[in-house]
2 protein chains.
Amino acid sequence: MKVLIVGLGLMGGAYAYRLSNKGYTVYGSDLDIDAIDYALEKKFITNGSVNPEDFIKEADLIVLAIYPQAILSFVEKYKDLFHEGQVITDICGVKSSFVSEAYKLSKPATYCSHHPMAGREKVGIRYSTECVFGGANFLITPTEGVEDFAIDTLKHIGVDLGFSNISVMDIQKHNRMIGFTSQLTHAIAVSLVNSDHDDDTKYYIGDSYRDLTRIAMINDSLWSELFLENRSYLLEHIASFEFELNLLKMALYREDKEALCKLFKSSTKIRKEMEK
Amino acid sequence: MKVLIVGLGLMGGAYAYRLSNKGYTVYGSDLDIDAIDYALEKKFITNGSVNPEDFIKEADLIVLAIYPQAILSFVEKYKDLFHEGQVITDICGVKSSFVSEAYKLSKPATYCSHHPMAGREKVGIRYSTECVFGGANFLITPTEGVEDFAIDTLKHIGVDLGFSNISVMDIQKHNRMIGFTSQLTHAIAVSLVNSDHDDDTKYYIGDSYRDLTRIAMINDSLWSELFLENRSYLLEHIASFEFELNLLKMALYREDKEALCKLFKSSTKIRKEMEK
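Reading guide: rules and limits
What you see as residue numbers is a count from 1 along each chain, following the sequence as written. Chain letters and ligand numbers both follow the written order, the letters beginning at A and the numbers at 1. Owing to the predicted nature of the model, reporting of local features is limited to residues with pLDDT of at least 70; listing and counting of side-chain atom pairs is limited to 80 or more, with chain, interface and lining totals taken over all residues. The basis for every side-chain value is the complete set of heavy atoms in the structure, and neither hydrogens nor water enter the calculation. In this description a helix means any DSSP run of H or I spanning at least four residues, a strand means any run of E spanning at least two, and both kinds are numbered starting from the N terminus. By the counting rule applied here, Lys and Arg register as positive and Asp and Glu as negative, while His and the ends of each chain are not counted. Charge positions come from single atoms, namely NZ of Lys, CZ of Arg, CG of Asp or CD of Glu. Where each domain begins and ends is defined by an automated method or by a domain database. A contact between two residues is defined here by any heavy atoms of the two lying within 4.5 Å. As used here, buried area is the combined drop in accessible area, with a 1.4 Å probe, of two parts when they are placed together. Here a polar contact means two N or O atoms within 3.5 Å. Within protein one must be a hydrogen donor candidate and the other an acceptor candidate, and residues neighboring in sequence count only if both atoms are side-chain atoms. Under this grouping Gly is polar, as are all residues other than the nonpolar Ala, Val, Leu, Ile, Met, Phe, Trp, Tyr, Cys and Pro and the charged Asp, Glu, Lys and Arg. By convention in these notes, a salt bridge is any Lys or Arg side-chain nitrogen within 4 Å of a carboxyl oxygen on Asp or Glu. Alignment of the copies relies on least squares applied to C-alpha atoms, considering only residues that score at least 70 for pLDDT in both. In this scheme, strands are said to pair when DSSP sees at least two bridges between them. Angles here are taken between N-to-C directions and fall from 0 to 180 degrees, while the axes themselves are lines fitted to C-alpha atoms, restricted in helices to the stretch in contact. Only centres within 6.5 Å qualify two rings of Phe, Tyr or Trp (six-membered ring in Trp) as a pair; their planes then separate them into stacked at under 30 degrees, edge-to-face at over 60, and tilted for everything else. Here's how the labels work: a residue is buried when its accessible area is under 20% of the maximum for its type, exposed when over 50%, partly exposed in between, all with a 1.4 Å probe on protein chains only. pLDDT is defined as a per-residue confidence score from the predictor, taking values between 0 and 100. Small angles under 35 degrees read as roughly parallel and large ones over 145 as roughly antiparallel, with 65 to 115 read as roughly perpendicular and the rest as oblique. A clockwise turn of the near helix away from the far one marks a right-handed crossing, whereas an anticlockwise turn of less than a right angle marks a left-handed crossing. Remark: nonpolar core denotes a set of buried residues (Ala, Val, Leu, Ile, Met, Phe, Trp, Tyr, Cys) joined through side-chain atoms within 4.5 Å. The span you would expect from a helix comes to 1.5 Å times its residue count less one.

Enquirer: Pulling in residues and values, what's your account of the overall build of chain A?
Expert: Looking only at helices and strands, chain A has eleven helices and nine strands in total. Principal axes of the C-alpha set define a box for chain A whose edges measure 65 × 40 × 35 Å. Taken together, the 30 basic and 39 acidic charged side chains of chain A have centroids lying 6 Å from each other.

Encoded structure:
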């Protein structure tokens with residue numbers, strides 16, 4: 001199978017690297033010629049160009065590993081080169097209204113979105129080989145009308161990339177869940193780090209702070225788009241998080257050890273379930 | 001040097017295991033005979049007893065690896081067996097008023113508290129060998145009057161346990177900083193997990209949620225004590241965290257991409273500083 005990766009950043013690079021290793025013919029396109037040169041030199045791709053149209057016709061699968069707001073304009077610009085039997089996908093972390101629009105525009109090709117739940121708090125193709133997909137979730141989010149062959153193509157890609165769990169789900173549910181597990185966690189980590197007003201905090205950190213705040217190192221242009229695309233779900237989740245934090249605060253004010261223990265027992269139980 | 005470890009739980013066990021490996025003579029005491037048997041069988045200790053008085057006189061260093069609220073009653077109960085030149089310490093995560101009281105009661109021995117900033121979200125001696133101290137901070141928190149030899153003893157222990165950074169600091173500053181880096185992070189993780197109201201969240205989690213919530217699996221009796229011992233600092237830190245989260249929420253309400261980017265840039269900068 002021939003795959004065109006558009007956008008050779010951290011994730012696009014990781015896709016190219018892993019799919020090439022699995023024997024796929026991988027083409028790469030990026031606005032940055034350095035990223036293409038790097039991908040060629042490291043044999044992540046067999047051919048590359050700043051012009052994606054050089055490969056679009058030939059590709060069985062086009063992976064858009066670009067910013068959410070750039071997706072529709074890409075599809076709009078190149079749709080005349082798309083053809084039947086071709087699958088077009090994106091790796092975007094939120095699946096808002098752009099997906100059904102992209103589906104319509106991409107005809108006769110089949111647009112089917114997916115979300116690889118892995119990454120690194122780094123930017124750029126030079127960190128691509130550090131992206132580990134083992135143990136991670138690969139979520140396929142088709143709109144109505146997406147044919148089975150497109151979903152199957154993405155399932156195969158998910159397997160070959162090394163993801164552990166591959167599932168197909170409804171877009172609305174995806175967005176609601178991701179607002180919680182991904183965007184809320186980033187919002188919390190960012191706010192925690194921003195509330196650090198001491199110069200020598202680093203001498204007082206343990207594993208917990210280190211783990212919890214790693215994701216506060218964040219690609220600001222990408223994540224501000226993701227947050228805004230999914231803002232209504234995210235605001236809902238922030239509200240229920242604040243409600244729980246408030247219960248804990250009240251227990252502290254009242255010096256209520258039993259209430260604290262109850263909260264800790266609950267979180268332990270819920271989180272342990274996830275390890276199964 | 002002869003060391004008595006009182007409390008063969010996760011951390012007490014890890015101390016015993018590592019110090020034995022370094023050639024120390026280690027004695028162990030615990031109310032639970034199973035923990036003693038395990039420690040003997042694994043050669044974490046050379047001798048053990050449910051009665052700490054069997055070893056107190058002989059020990060050069062006594063490490064109290066027990067719950068914060070049990071420390072003063074231990075010192076009170078056994079103080080007549082303490083002698084000059086002997087160092088007594090605890091590994092407690094907050095250093096509240098009990099420390100100066102313990103210092104007074106322990107005379108002619110020298111009581112000097114410390115805080116090993118490492119652990120695992122597990123309970124019990126069977127997980128002790130999983131405690132990794134490399135890369136971690138070891139904080140020594142003497143009260144006024146503690147002699148240098150006691151501080152030096154703890155520095156040596158810190159080195160032999162494998163801690164990377166060993167520092168001596170004021171108790172008040174310790175409590176304020178720990179309220180931020182340790183207790184606030186646990187409060188946040190617990191509240192995040194408790195605000196999860198969906199049965200199949202686990203199919204939607206990525207590295208970020210996994211990392212951030214691991215510490216929500218928490219020893220409730222221990223941590224409720226730690227939270228209450230340090231509640232005024234913790235409540236202050238919760239307030240400044242809420243302030244920052246509110247800035248983010250406001251940016252979302254206003255759909256203000258620039259404000260979001262500013263918050264993300266700030267957290268990235270602060271957190272990157274820590275990696276240095």
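Enquirer: Help me get a handle on the domain arrangement of chain A, residues and values and all.
Expert: All names here are of chain A. On domain assignment, one finds that chain A holds domain 1 (2-169) and domain 2 (174-275). Taken over C-alpha atoms, the centre of domain 1 sits 30 Å from the centre of domain 2. Opposite the 15 residues of domain 1 that make contact, domain 2 presents 14 residues. Note on domain 1 versus domain 2: buried area summed over both sides is about 1,300 Å², and carbon and sulfur give 64% of it. Applying the counting criterion to the domain 1 and domain 2 interface returns four residue pairs in polar contact (both at pLDDT 80 or more). Elements supplying a minimum of two residues to the side of domain 1 that touches domain 2: α4 (68-78) and β8 (137-141). Of the residues belonging to the side of domain 1 that touches domain 2, the class tally is eight nonpolar, five polar and two charged.

Enquirer: Outline the interface of chain B and chain A, listing residues and values.
Expert: The interface is formed by 88 residues belonging to chain B together with 88 residues belonging to chain A. Taking both partners together, chain B and chain A bury about 8,400 Å²; carbon and sulfur atoms supply 65% of that area. When the buried surface of chain B facing chain A is broken down by residue, Tyr204, Phe264 and Arg271 of chain B rank first, second and third, together holding 9% of it. Where chain B meets chain A, there are twelve salt bridges.

Enquirer: Describe the relation of the copies chain B and chain A, naming the residues involved and giving the relevant values.
Expert: Rotating chain B by 180° and translating it 0.0 Å along the rotation axis places it on chain A, where the RMSD comes to 0.0 Å. Read as a symmetry element, the transformation amounts to a two-fold axis. Minimal C-alpha distance to the rotation axis in chain B is attained by Leu212 of chain B, lying at 2.2 Å. Interface overlap between copies is the fraction of interface residues in one copy that are interface residues in the other; for chain B against chain A it reaches 100%, indicating a shared surface.

Enquirer: So what's going on with the sheet that holds strand β6 (residues 110-111) of chain A? Which residues, and what values?
Expert: All names here are of chain A. Read across the sheet, six strands follow the order β3-β2-β1-β4-β5-β6 without closing on themselves; strand pairing throughout is parallel. The sheet terminates laterally at β3 (47-49) and β6, the two strands that pair on one side only. Pairing of strand β4 (residues 61-64) with strand β5 (residues 87-90) involves four bridges; the strand directions are parallel. The residue of β5 that forms the bridge with Ile62 is Ile88. Sitting on the sheet, helix α6 (residues 148-161) is in contact with β4, β5 and β6, with an inclination near 55° to β5.

Enquirer: Got a sec to walk through the packing of aromatic side chains? Specific residues and values, please.
Expert: All names here are of chain B. By the definition in use, this model includes 21 aromatic pairs over all chains. Centroid distance Tyr15 to Phe133: 6.2 Å. Interplanar angle 75°. Geometry classified as edge-to-face. Of this pair, Tyr15 sits in helix α1 (residues 10-21) while Phe133 sits in the loop between β7 (113-116) and β8 (137-141), placing them 118 residues apart in sequence. Across the pair, Phe133 and Tyr15 agree in class, each one buried. Look at Tyr27 and Phe55: their rings are 4.7 Å apart centre to centre, the planes differ by 10°, and that puts the pair in the stacked class.

Enquirer: Break down the confidence of the model for chain A for me, citing the residues and quoting the values.
Expert: In the predicted model, chain A carries a mean pLDDT of 93, and the fraction of residues at 70 or more is 99%. Here the complex is predicted with pTM 0.77, and the ipTM for its interfaces comes to 0.78.

Enquirer: Lay out the packing of helix α7 (residues 171-194) of chain B against helix α9 (residues 220-229) of chain B with the relevant residues and their values.
Expert: Residues and elements named next belong to chain B. It is the contact of α7 with α9, at a shortest axis distance of 11 Å, that shows an interaxial angle of 120°. Compared by their axis directions, α7 and α9 come out oblique. Crossing angle aside, the handedness with which α7 passes α9 is left-handed. Note on element contacts: α9 touches α7 through Trp223, Leu226 and Phe227, opposite Ser182, Gln183, His186 and Ala187. Tallied by class, the residues present in the contact of α7 with α9 amount to four nonpolar, three polar and no charged.

Enquirer: Give me the lowdown on the nonpolar core, citing residues and values where you can.
Expert: Grouped together as the largest cluster of nonpolar side chains are 183 residues, with contacts concentrated most on Leu248 of chain A together with Leu64 and Leu248 of chain B. Apart from the residues lying within four places of it in its own chain, the contact partners of Leu248 of chain A are Leu260, Leu263 and Phe264 of chain A together with Ala187, Val190, Ser191, Phe227 and Ile238 of chain B.

Enquirer: Describe helix α1 (residues 10-21) of chain A, listing the residues and the values that go with them.
Expert: Residue and element names in this part refer to chain A. With twelve residues, α1 should cover 16 Å at 1.5 Å per step; its first-to-last C-alpha distance of 17 Å lies within 8% of that length. Among the residues of α1, those classed as buried are Leu10, Met11, Gly12, Gly13, Ala14, Tyr15, Ala16, Leu19 and Ser20. Taken together, the buried residues of α1 touch β1 (2-6), β2 (25-29), β4, β7 (113-116), β8 and α6. Looking one or two residues beyond α1, the residue adopting positive phi is Gly23, at roughly 95°.

Enquirer: Before we move on, can you summarise the sheet that holds strand β9 (residues 165-168) of chain A with the specific residues and values?
Expert: Residue and element names in this part refer to chain A. The strand order across the open sheet formed by three strands is β7-β8-β9, and the pairing between neighbours is mixed. Every interior strand has two partners, whereas the edge strands, β7 and β9, have only one. Adjacent strand axes in the sheet meet at a mean angle of 15°, parallel and antiparallel pairs treated alike. Relative to β9, β8 is paired through four bridges, and the arrangement is parallel. Bridging from a neighbouring strand, Asn137 pairs with Asn165 of β9.

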